[in-house]
Amino acid sequence: MSEFDTNELVRRDLSHVWHPFTQAEEYEAESPHPLVVVEGDGNYLIDSDGNRYLDGISSLWVNVHGHREPRIDAAIRSQLDQVAHTTMLGATHPTAVDLASKLAAITPEGLTRVFYSDSGSTAVEVALKMAYQYWLEREGSGTKRTGFLSFSGAYHGDTIGSVSVGGIDTFHEKFNRLLFPVIHSPSGYCYRCELGLEKSSCDMACASEFERLLDEHQNELAAVIIEPLAQGASGIITWPEGFLKRVRQATSSKGILLIADEVATGFGRTGTMFACEQEDVIPDLLCMAKGITGGYLPLAATVATEQIFDAFRGPYTELKTFFHGHSYTGNPLACSAALANLRIFEEDETIAAIQPKIDLLAECLESVADLKQVGEIRQRGLMIGIELVENKEEKKAYPADLRVGRAVTLAARKSGVIIRPLGDVVVLMPPLSITPDQIRLLVRTTREAIIGITEKATQDV
Ligand SMILES: *Cc1c(COP(=O)(O)O)cnc(C)c1O
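Nothing here was measured: the structure is a model prediction, and the numbers come from that model. (Residues numbered from 1 in each chain as written. Predicted model: local features only at pLDDT ≥ 70, side-chain atom pairs only at ≥ 80, totals over all residues. Heavy atoms only, no water.)

## Some points on the overall build of the protein
Counting its secondary structure elements, the protein contains 15 helices and 17 strands. Computed over its C-alpha atoms, the radius of gyration of the protein comes to 22 Å, within 12% of the 23 Å expected for a compact globule of 461 residues. Dimensions of the protein along its principal axes, counting C-alpha atoms only, are 65 × 60 × 45 Å. Per-residue burial for the protein yields a buried fraction of 52% across its 461 residues. Of the contacts formed within the protein by residues at least 6 apart in sequence, a portion of 71% connects residues at least 24 apart. Looking at the protein as shown, the accessible area adds up to about 21200 Å², and 52% of this sits on carbon and sulfur atoms. (Helix = DSSP H or I, 4+ residues; strand = E, 2+ residues; numbered from the N terminus. Rg over C-alpha atoms; globule rule 2.2 N^0.38 Å. Buried < 20%, exposed > 50% of the residue type's maximum accessible area, 1.4 Å probe, protein only. Contact = heavy atoms within 4.5 Å. Areas by Shrake-Rupley, 256 points an atom, 1.4 Å probe, with all protein chains shown as cover.)

Structure representation (structure tokens):
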């Protein structure tokens, strides 16, 4: 017998908890009941009835070395014996200092100033405000460099600033009238190209269009923001190779700041510590969150160049101070988890160890790509999107009300694997610590769930 009374927990959850990104009517109707996770064990999660599940989405893209990693557990316990929280407003503490030095060392050269916050959304919000104020301090209140350019399909978080630079209609459209205007450039969604072109012959027209927009708006832009190598939340939309580099070249030549949102891609997710490294790109501001604490505690950082930091210096009365900061900024427990996370990367040579896993995943996924209802598989490192379609030849999407992606993930859960969809894109995002056997299990279970559900969906249509 489990020590948890699942029915009672679910009853009170349904009475009082409002779940994020969750339609209550679907959640309430889950049979036999919604998932209640009570324990973690390496790459597995255990529910209140004692069932074990492979964590195929790293507990929403945050976990890195597995759950209850002894070295991270110990680091947090040891910090707890010092102090749980103390403020960074005009003061400091050793773990925040150690972590900032470490982050400056592992981020691309020139990124030296670490500003802490507590989620990916706030890391982006901070970067946007820094970029905006940077130009005010440099050029005075008459500066025209107040705008931003982002990409269709972008996801940068849920606060109003980060939603303004977002580009996912399902999430963002309702809030349109609350948002500041942003220039949108086409995404690299080659499977359904916004410009109506084919990858084999387009000569990366989306990059040319970006350069044209930058030309047109160069005097009014503070910064460009991009998810490097892959847009996550719009369905793992992988950018064409070389796109990021062209964005950096064009922004540099026009003196426009580049913000790299590495909230999803950072900490080894794409095969290198940061995605920018793969195209030798150094952004002016780099946002990180999700994987920073190994998936343990909320923490984020916006890392800036010294040039940006310097624009905010001056006598207090000039009011160049960056007037932004959250109560739990630089929380010591979270910083200690992040330091332990980074130590494990060194001790276990995590980056070197993931390349064979990336290759094995790609190999296993070939058996999924062949399925009749799989339109495209997109992979960047350990980020995978499997786009399901009703008709492969015509790339015809399923009717939204069939909720096919969701049905696949619920079926996978019944077979002991936790995954989540983005619409009809099934996402696999395993911890970096996933083993070869677990990779095979993850893909096999996903494949069987896709077959089971899409065969049923075809009969239902
Ligand atoms: C998840 C995500 C965010 C938002 O992070 P939160 O911690 O959920 O606020 C921002 N940008 C990207 C690219 C993300 O994937």
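## Re the packing of aromatic side chains
A complete count under the given rule lists twelve aromatic pairs for this structure. When the centroid spacing of 5.0 Å and the interplanar angle of 65° are considered together, the rings of phenylalanine 21 and phenylalanine 171 count as edge-to-face. With phenylalanine 21 in the loop between helix 1 (6-16) and helix 2 (24-28) and phenylalanine 171 in helix 8 (residues 169-172), this residue pair connects regions lying 150 residues apart in the sequence. Seen from their ring centres, phenylalanine 115 and phenylalanine 322 are 5.3 Å apart, and the 75° between their planes marks the pair as edge-to-face. A residue pair is termed long-range when its members are at least 10 positions apart, and phenylalanine 115 in strand 4 (residues 111-117) and phenylalanine 322 in the loop between helix 11 (306-310) and helix 12 (332-347) qualify at 207 residues. Residue phenylalanine 115 shares its accessibility class with phenylalanine 322, and that shared class is buried. (Phe/Tyr/Trp six-rings, centres within 6.5 Å; stacked < 30°, edge-to-face > 60°.)

## Quick look at the nonpolar core
Core analysis: the biggest nonpolar cluster contains 54 residues, and Leu99, Leu103, Phe267, Met288, Ile386 and Leu388 have the highest contact counts within it. Those residues in contact with leucine 103 that lie beyond four places of it in its chain are Val114, Phe267, Met288, Ile292, Ala301 and Leu342. Membership of the second largest hydrophobic core comes to 28 residues, among which are Met130, Phe148, Val182 and Ile225. (Core = buried A, V, L, I, M, F, W, Y, C linked by side-chain atoms within 4.5 Å.)

## Here we look at empty space enclosed by the protein
Leftover empty space is mapped by rolling, across the atoms, a probe with the size of a water molecule. According to the stated counting rule, one finds two cavities of 30 Å³ or more in the structure shown. Taken as a whole, the largest cavity spans an internal volume of roughly 100 Å³. In terms of lining residues, the largest cavity is bounded by 15 residues, among which Ser187, Cys190, Cys193, Cys202 and Cys206 are the most central. Considering only residue class, the lining of the largest cavity consists of ten nonpolar, two polar and three charged. Size it by volume and the second largest cavity reaches roughly 50 Å³. Looking at the second largest cavity, the residues that line it are Trp61, Val62, Asn63, Val64, Ala264, Gly266, Phe267, Arg269, Gly291 and Leu432. Mapped onto the domain boundaries, the lining of the second largest cavity takes at least three residues apiece from domain 1 (35-65 + 350-460) and domain 2 (73-347). (1 Å grid on protein atoms, 1.4 Å probe; cavity = no way out; pocket = protein on both sides within 12 Å on 5 of 7 lines; lining within 4 Å. Points joined across faces, edges and corners; volume = space filled by probe spheres on them. Nonpolar A, V, L, I, M, F, W, Y, C, P; charged D, E, K, R; others polar. Domains from an automatic or database assignment.)

## Description of the packing of helix 9 (residues 205-217) against helix 10 (residues 243-254)
Relative to each other, helix 9 and helix 10 sit at 15°, their axes nearing to 10 Å. It follows from the interaxial angle that helix 9 and helix 10 lie roughly parallel. Note that helix 9 runs across helix 10; the crossing there is right-handed. Residues Cys206, Ala207, Ser208, Phe210, Glu211, Leu214 and Asp215 of helix 9 form the contact with helix 10, whose participating residues are Phe243, Arg246, Val247, Ala250, Thr251 and Lys254. Taken together, the residues of the contact of helix 9 with helix 10 sort by class into seven nonpolar, two polar and four charged. (Axes fitted to C-alpha atoms, helices over the stretch in contact; angles between N-to-C directions. Parallel < 35°, antiparallel > 145°, perpendicular 65-115°, else oblique. Left-handed = near helix turned anticlockwise from the far one by under 90°.)

## A short note on the domain arrangement of the protein
Domain annotation of the protein identifies domain 1 (35-65 + 350-460) and domain 2 (73-347). Here the C-alpha centroids of domain 1 and domain 2 sit 27 Å apart. With 32 residues of domain 1 at the contact, the number on the domain 2 side is 28 residues. Surface buried jointly by domain 1 and domain 2 totals about 2600 Å² across both partners, of which 59% is contributed by carbon and sulfur atoms. Counting across the interface, domain 1 meets domain 2 through one salt bridge. Note that arginine 192 and glutamate 387 form a salt bridge whose closest N and O atoms lie 2.9 Å from each other. Summed over the shared surface of domain 1 and domain 2, the number is 15 residue pairs in polar contact (both at pLDDT 80 or more). If you list the elements that add at least two residues to the side of domain 1 that touches domain 2, you get helix 3 (58-61), helix 13 (350-369), strand 13 (374-380), strand 14 (383-388) and strand 17 (425-428). The greatest single-element share of the side of domain 1 that touches domain 2, amounting to five residues, is contributed by strand 13. (Buried area = accessible area lost by both parts, 1.4 Å probe. Salt bridge = Lys/Arg side-chain N within 4 Å of Asp/Glu carboxyl O. Polar contact = N/O pair within 3.5 Å; in protein donor to acceptor, adjacent residues only side chain to side chain.)

## Quick look at the sheet that holds strand 15 (residues 417-418)
In spatial order, the strands read 1-2-3-15; together these four strands make up an open sheet with mixed pairing. Unpaired on one side and paired on the other, strand 1 (37-41) and strand 15 mark the two borders of the sheet. Pairing analysis gives four bridges linking strand 1 to strand 2 (residues 44-47), with the strands arranged antiparallel. When the sheet's bridge partners are listed, valine 37 is paired in strand 2 with aspartate 47. (Pairing = 2+ DSSP bridges.)

## Focus: the site of the ligand
The environment of the ligand is formed by Trp61, Ser119, Gly120, Ser121, Tyr155, His156, Gly157, Glu227, Asp261, Val263, Ala264 and Lys290. In this structure, glycine 120 approaches the ligand through a main-chain N or O atom, which is 2.8 Å from an oxygen atom. Here serine 121 contributes a side-chain N or O atom positioned 2.6 Å from an oxygen atom of the ligand. When the free accessible area of the ligand is taken as 380 Å², the share hidden by the protein chains comes to 83%. Residue composition of the shell around the ligand, grouped by class: four nonpolar, five polar and three charged. (Near = heavy atom within 4 Å.)

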